[in-house]
Amino acid sequence: MKTSTTKIISHGGMIAALFFLSASFVDANIRERSGTFQNARGNNVNWSSSAERSQGFRNVERTATGERGNTWSSNRQSQWDRENGTASRGGSRTGPDGHTTIANASAQRTENGVTTDRTRTFRDGTTASSSGSVTRNDDGSRTYEKEVTNRQGDTSTATRTVTQTENGREVTGSSTGFNGNTKDWTTTVEREDGTKTTTSEV
């Protein structure tokens, strides 16, 4: 059996609600919900959630508590700005033992591409991260770059450039693994008379 209640809170009251109908943005609205459900073991779990929205922003918080008092909570947040070409999202999850996992990601539009960053914090406090970029080159090719740092602090990098050819594409790249080993490679893809041919050189 599952029951729930919903409550909507509009900051600014009726005036804000009317303003929403005649404009593209308003103050943040918060939607709250709560209820009870039975898990696979037949135990009742009480839950609640709160979702807040405004222009370029969204935040969702959830909490669940079991019959023994064990509590789980999570949070997710997103922000974006189309005019400035930025976007970010993040979230966290905390279990009954108090340990928390956190993840964040962001993107930034550049003059000729985009850059991205990601980080993750694990339950034991260790972190992993990655950053990347996509660049449109003057000759029409695109270059993709990525760097990853694992939980032990080791770093790997990779870059590749994709160039369109008359009947396919050529991809050249280089990568360095966590162990420090480096590899350079080239892949050529050609399509002719319905046949696709792939050639790789390392």
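Just above, that's the structure.
We now turn to the structure provided with this report. Fair warning: this is a prediction, and the values are worked out from it, not measured in the lab.

## Looking at the environment of Ser-49
By the element assignment, Ser-49 lies in strand 3 (residues 44–54). Spatially, the C-alpha atom of Ser-49 lies 9.6 Å from that of Asn-75, the residues being 26 residues apart in sequence.

## Quick word on the pattern of salt bridges
Pairing is possible between side chains of opposite charge, provided their charged atoms come close. If you walk through the whole model with that rule in mind, you get two salt bridges. Two residues, Arg-123 and Asp-97, come together in a salt bridge whose shortest N-O distance is 2.6 Å. In this pair, Arg-123 is assigned in the loop between strand 8 (113–121) and strand 9 (127–136) and Asp-97 in the loop between strand 6 (86–94) and strand 7 (100–110), connecting sequence segments 26 residues apart. Among the salt bridges present, the one from Asp-124 reaches Arg-151, with a minimum N-O distance of 3.1 Å. A residue pair is termed long-range when its members are at least 10 positions apart, and Asp-124 in the loop between strand 8 and strand 9 and Arg-151 in the loop between strand 10 (142–149) and strand 11 (155–165) qualify at 27 residues. The exposure class of Asp-124 is exposed, given its relative accessible area of 53%. Taking relative accessible area as the criterion, Arg-151 reaches 38% and is therefore assigned partly exposed.

## Describing the packing of aromatic side chains
The final tally for this structure, using the stated rule, is zero aromatic pairs. Residue placement shows Arg-151 over the ring face of Phe-122; its charged tip is 3.8 Å from the ring centre. Over the face of the ring belonging to Tyr-144 we find Arg-160, whose NZ or CZ atom lies 4.3 Å from the ring centre.

Analysis parameters
- Residues numbered from 1 in each chain as written.
- Predicted model: local features only at pLDDT ≥ 70, side-chain atom pairs only at ≥ 80, totals over all residues.
- Heavy atoms only, no water.
- Helix = DSSP H or I, 4+ residues; strand = E, 2+ residues; numbered from the N terminus.
- Salt bridge = Lys/Arg side-chain N within 4 Å of Asp/Glu carboxyl O.
- Buried < 20%, exposed > 50% of the residue type's maximum accessible area, 1.4 Å probe, protein only.
- Phe/Tyr/Trp six-rings, centres within 6.5 Å; stacked < 30°, edge-to-face > 60°.
- Lys NZ or Arg CZ within 6 Å of the ring centre and 35° of its normal.

Function cannot be read off these values alone, since they describe shape.
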